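Examination of the molecular architecture
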Amino acid sequence: MTTSHTDFTGFAGKRLQLGVTGSVSAFRAVDIMRRLQRADVLVGVTLTAAAQEFIRPLQFRSLTPGPVYEGLFDSNQAEYAHLEPAQNAHLFLVAPSTANTLAKHACGIGDDLLSSQLFSFKGPIIHAPAMNPRIWSSSAVQANVSKLMERGVGIVSPETGVMACGETGEGRLADVEEIFLYALKGLMPQSLAGIRFLVNLGPTREYWDPVRVVTNDSSGTMGAAIALAAWLHGAEVSVVQGPTPHLWLPRFMPTTNVASARQMHQACLDLATGMDIICLTAAVSDYRPTVVQLNKAKKSTLGERVSLDLEQNPDILADIGRTRKDSQYIIGFAAETDDILHHAQRKLHEKRLDLIVANSLARSDSGFGTATNQVHVISRCGRRESWPILAKTEVAMRIIEWFLDHSA
Ligand code: CTP
């Protein structure tokens, strides 16, 4: 699975307190901490007594410069440990969170250090529960979860799968990557709250018989990074995804899967009218075979040379531009091998866009299948910038910031 589209960084100066409770998945808290550290987040840790049966505090202490707390009356720690995260952390994440810790937080019980720290914490709090499926679905746990959500506490719902105890159901700790993204969102200003944001991504596939296909090398990474950057800023994001089987997308991202350009066209146009921002990054096949064979064409019939007759596919972006509302903000991409700015400028006007992001396919570290991109951005009102080679996640963040700075 490809995950370079989740490699958001630049959270230096942000501090997160990670609560770890007594679950067989407690060891995964180390992965969560390491993942956050890769994004430059400073992590403090609080382990309950039950968590310490599964994982040693030293494991965390060896890996983070942040404070690691073991208990209310631990003589090695600050006198006011129950208040310290409230003073210094920007987000409290409890992962994994047991039924017991959820219940204490919901009902206002503070009988250990973690529950006491949660009491005094006024910033955003997120729980990632993990427990047996029958416990998770019990009315008591569900009532506590509802109560917490009503108070604005975030819940990263558990996954369905085979549990450590051998049972199958909903209760496994969510994917580390998904918990990481929820935590980043909790650390970001929600500047796009209430904004509906459509992204399409990936290649399209145009079959000329059941096994042979016209397509391209797009990995969907740039589009996925933009979808996630918009979600991190609070937007309600919808994705129309061309065939990108190796691209991991989180469960919270509503996704329509399509294969051909015509399917992508239909899906995007159906969604477009309800959107505030539309960003089309997909490498749509401009042409499709005129004739599609029902059965696999045989070499004995085709002979040594084959010519494919191709016809043009609809241009999704041009059709959205043609029917757009003035209030919508439309972003297109331009993939070019030469004369980048000239072609990008023409597409900006012809497709009636607000912004075009042009990237070079002539460099090996930019364009299809890379984790980095070198782009030029040109806006409808003539503003133009060339950005250095950057991680696609950084390009995505800059595009969102461009919209926030220049769209008014
Ligand atoms: N696009 C689209 N539908 C198509 C072709 C392109 O929506 N059938 C969109 C792409 O998603 C991108 C923009 O149009 O946002 C520009 O795509 P690009 O491939 O760079 O250019 P084309 O418009 O296809 O023109 P050309 O192939 O002549 O460069």
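Structure first, text after, so check above.
Residues numbered from 1 in each chain as written. Predicted model: local features only at pLDDT ≥ 70, side-chain atom pairs only at ≥ 80, totals over all residues. Heavy atoms only, no water.

Remarks on the overall build of the chain
Which entries qualify depends on this criterion: Here a strand is any run of E in DSSP of at least two residues, a helix any run of H or I of at least four, and the numbering for each starts at the N terminus. Categorising residues by exposure relies on relative accessible area from a 1.4 Å probe, with only protein chains included: less than 20% of the type maximum marks a residue as buried, more than 50% marks it as exposed, and the intermediate range marks it as partly exposed. The contact definition used throughout considers only heavy atoms, calling two residues in contact when any of these lie within 4.5 Å. Charged-residue counts in this description rest on Lys and Arg as positive and Asp and Glu as negative, His and the chain ends being excluded. Lysine's charge is taken at NZ, arginine's at CZ, aspartate's at CG and glutamate's at CD.
Within the chain, the secondary structure is distributed over 15 helices and 22 strands. With respect to the principal axes defined by its C-alpha atoms, the chain has extents near 80 × 50 × 35 Å. A total of 408 residues make up the chain; the buried ones form 53% of that total. Of all intrachain contacts in the chain linking residues separated by at least 6 positions in sequence, the fraction that spans at least 24 positions is 70%. Distance from the positive charge centre (38 side chains) to the negative charge centre (40 side chains) of the chain: 2 Å.

A closer look at the packing of aromatic side chains
Inclusion rule: Any two of the Phe, Tyr and Trp rings considered here, Trp counted by its six-membered ring, make a pair once their centres fall within 6.5 Å; the pair's planes then place it as stacked at under 30 degrees, edge-to-face at over 60, or tilted in between.
By the definition in use, this model includes six aromatic pairs. Look at Tyr 182 and Trp 231: their rings are 5.2 Å apart centre to centre, the planes differ by 90°, and that puts the pair in the edge-to-face class. Of this pair, Tyr 182 sits in helix 9 (residues 176-186) while Trp 231 sits in helix 10 (residues 221-232), placing them 49 residues apart in sequence. With a relative accessible area of 8%, Trp 231 lands in the buried category.

So, the packing of helix 10 against helix 15 (residues 392-406)
In plain terms, the rule: To get an axis, fit a line to the C-alpha atoms, keeping to the stretch in contact for a helix; angles then go from 0 to 180 degrees between the N-to-C directions. Under this scheme an angle from 65 to 115 degrees is roughly perpendicular, one under 35 degrees roughly parallel, and one over 145 degrees roughly antiparallel; angles in between are oblique. Should the near helix be turned anticlockwise from the far one by less than a right angle, the crossing is left-handed, and should it be turned clockwise, the crossing is right-handed. Each residue is assigned to one class: nonpolar for Ala, Val, Leu, Ile, Met, Phe, Trp, Tyr, Cys and Pro, charged for Asp, Glu, Lys and Arg, and polar for all the others, Gly among them.
Following both chains from N to C, one finds helix 10 and helix 15 inclined at 50°, their axes separated by 8 Å at the closest point. Here helix 10 lies oblique to helix 15, going by the angle between them. Considering the relative orientation of helix 10 and helix 15, their crossing is right-handed. Packed against helix 10, whose contacting residues are Thr 221, Met 222, Ala 225, Ile 226, Ala 229, Ala 230 and Leu 232, the element helix 15 presents Lys 392, Thr 393, Val 395, Ala 396, Met 397, Ile 399 and Ile 400 at the interface. When its residues are assigned to classes, the contact of helix 10 with helix 15 shows eleven nonpolar, two polar and one charged.

A look at the layout of surface pockets
Short version of the rule: Buried and open spaces are told apart on a 1 Å grid over the protein atoms alone, a cavity being a set of points where a 1.4 Å probe fits but cannot get out and a pocket being an open set with protein on both sides within 12 Å along at least five of seven lines. Residues with an atom within 4 Å of a point are the lining residues. Grid points are joined across faces, edges and corners, and a volume is the space filled by probe spheres set on the points.
Computed from the structure, the largest pocket encloses a volume of approximately 820 Å³. Every residue lining the largest pocket is counted, 36 residues in all, and those nearest its centre are Ala 282, Ala 283, Val 284, Phe 333 and Ala 335. Taken together, the elements giving at least two residues each to the lining of the largest pocket come down to strand 9 (196-201), helix 10, helix 13 (316-322) and strand 17 (329-336). The element best represented in the lining of the largest pocket is strand 17, accounting for four residues. By volume, the second largest pocket is sized at about 270 Å³. Surrounding the second largest pocket, 17 residues form its lining, Ser 23, Val 24, Ser 25, Met 163 and Ala 164 being those nearest its centre. Split by residue class, the lining of the second largest pocket holds nine nonpolar, six polar and two charged.

Quick notes on the pattern of salt bridges
Threshold: A carboxyl oxygen of Asp or Glu within 4 Å of a side-chain nitrogen of Lys or Arg is what we treat as a salt bridge.
In total, this model carries 20 salt bridges according to the counting rule given. A salt bridge links Asp 354 to Arg 324; the nearest nitrogen and oxygen atoms lie 2.9 Å apart. In this pair, Asp 354 sits in the loop between helix 14 (340-350) and strand 18 (355-360) while Arg 324 sits in the loop between helix 13 and strand 17, placing the two residues 30 residues apart along the sequence. Neither residue differs from the other here; Asp 354 and Arg 324 are each classed as buried. One salt bridge in this structure joins Asp 365 and Arg 363, with 2.9 Å as the shortest N-O distance. Classification of Arg 363 as partly exposed rests on a relative accessible area of 34%. Beyond isolated ion pairs, a larger network of salt bridges with shared partners links Asp 7, Arg 35, Arg 38 and Glu 177.

Let's talk about the nonpolar core
Rules: Residues grouped as a nonpolar core are buried Ala, Val, Leu, Ile, Met, Phe, Trp, Tyr and Cys residues, joined through side-chain atoms within 4.5 Å.
Core analysis: the largest hydrophobic core is formed by 77 residues, its most contacted members being Leu 18, Leu 36, Phe 60, Leu 93, Phe 197 and Val 237. Counting residues per element, this core draws most heavily on helix 10, at ten residues. Excluding residues within four positions of it along the chain, Phe 197 makes contact with Leu 192, Ile 226, Ala 230, Ala 235, Glu 236, Val 237, Ser 238, Met 275, Ile 277, Cys 279 and Ile 400. Formed by 23 residues, the second largest nonpolar core is a distinct cluster that contains Leu 198, Met 275, Ile 278 and Ile 356.

Some thoughts on the pairing of strand 2 (residues 42-47)
What counts, and what does not: Only when DSSP finds a minimum of two bridges between them are two strands counted as paired. Place the viewer so that the strands point away; then a crossover is right-handed whenever the path from the first strand over the helix to the second strand goes clockwise.
Summarising burial for strand 2: five of the six residues are buried, a large majority. Of the pairings in the sheet, the one linking strand 1 (residues 15-20) to strand 2 comprises six bridges and is parallel in character. Pairing of Leu 16 across the sheet is with Val 43, part of strand 2. Handedness of the crossover joining strand 1 and strand 2 through helix 1 (residues 28-38): right-handed. The sheet contact formed by strand 2 and strand 3 (residues 68-69) spans two bridges and is parallel. Each residue of the ladder has a partner; that of Thr 46, found in strand 3, is Tyr 69.

With respect to the site of the ligand
Here is the rule we go by: Note on definitions. A residue lies near a molecule or strand when any single heavy atom of the residue is within 4 Å of it. Within 3.5 Å is the distance limit for a polar contact, defined as a pair of N or O atoms, with the added protein rule that one can donate a hydrogen and the other accept it, and that residues adjacent in sequence qualify only through two side-chain atoms. In short, Shrake-Rupley with a 1.4 Å probe defines the accessible areas, and a residue's cover is counted only from the protein chains shown. Think of it this way: a molecule belongs to a cavity or pocket when more than half its atoms come within 2 Å of the grid points there.
Close to the ligand lie 14 residues; Leu 280, Ala 282, Leu 317, Phe 333 and Lys 351 are nearest. Contact distances for the ligand include 2.7 Å between an oxygen atom and a backbone N or O atom of Ala 282. Ala 335 is positioned with one of its backbone polar atoms (N or O) 3.0 Å from an oxygen atom of the ligand. When isolated, the ligand has an accessible area of 560 Å², and the protein chains bury 78% of it. Structurally, the ligand is housed in the largest pocket. Elements that contribute at least two residues to the shell around the ligand include exactly helix 13 and strand 17. The residue inventory of the shell around the ligand, partitioned by class, reads nine nonpolar, one polar and four charged.

Overview of the environment of Leu 148
Position of Leu 148 among the secondary structure elements: in helix 8 (residues 139-150). Its relative accessible area of 0% is what places Leu 148 among the buried residues. Put simply, Leu 148 and His 343 are 195 residues apart on the chain and 52 Å apart in space, counted from C-alpha to C-alpha.

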